[in-house]
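# Secondary and tertiary structure notes
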Amino acid sequence: MAQLRRTTHMLALRRVVCAVALSLLSVGTVAAQSTGKLEGRIRDQAGQPLANARVGIVGSTANATANPQGYYFI
C-alpha cells in the first residue's frame, strides 16, 4: 500500500515538474518574440543577390523586402 502511494506521489510530482517546465519554455518563447532582429542577404543558387525578395517569419506578421543587393532586416 505504501509503495502504491509513493508511486502515485511520484507521478503527480512528475506532472507538476513537466507543467512548470512547459510554462517556463512558453514564457521564454513569448519574450523572444517581442525583441531582437533578423538580418541577412538572400541569394539565388548562383550566388547572385535576389532584389525585392520578400522575407518573413512564419507565424508572425514580421517581414521585409530585400534591397537590390539582397540585404534584408527584420
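These notes cover the structure that comes with them. (Residues numbered from 1 in each chain as written. Predicted model: local features only at pLDDT ≥ 70, side-chain atom pairs only at ≥ 80, totals over all residues. Heavy atoms only, no water.)

### What to know about the overall build of the protein chain
Summing up its helical and strand segments, the protein chain has one helix and four strands in all. Traced from its N-terminal end to its C-terminal end, the protein chain shows the element sequence α-β-β-β-β. The contacts in the protein chain between residues at least 6 apart in sequence include a share of 31% that link residues at least 24 apart. With an accessible surface of roughly 6,200 Å², the protein chain has 63% of that area assigned to carbon and sulfur atoms. (Helix = DSSP H or I, 4+ residues; strand = E, 2+ residues; numbered from the N terminus. Contact = heavy atoms within 4.5 Å. Areas by Shrake-Rupley, 256 points an atom, 1.4 Å probe, with all protein chains shown as cover.)

### Topic: the environment of Arg 54
If you trace the backbone, Arg 54 turns up in strand β2 (residues 54-56). The spatial distance from the C-alpha of Arg 54 to the C-alpha of Asn 67 is 9.9 Å, given a sequence separation of 13 residues. Among the polar contacts made by the side chain of Arg 54, one reaches the side chain of Asn 63 at a distance of 2.7 Å. (Polar contact = N/O pair within 3.5 Å; in protein donor to acceptor, adjacent residues only side chain to side chain.)

### Topic: the pattern of salt bridges
Going through the model one piece at a time under the given rule, you end up with one salt bridge. Across the salt bridge formed by Lys 37 and Glu 39, the nearest N and O atoms sit 3.3 Å from each other. A relative accessible area of 38% places Glu 39 in the partly exposed class. (Salt bridge = Lys/Arg side-chain N within 4 Å of Asp/Glu carboxyl O. Buried < 20%, exposed > 50% of the residue type's maximum accessible area, 1.4 Å probe, protein only.)

Fair warning: the whole summary comes from geometry, so function is off the table for now.
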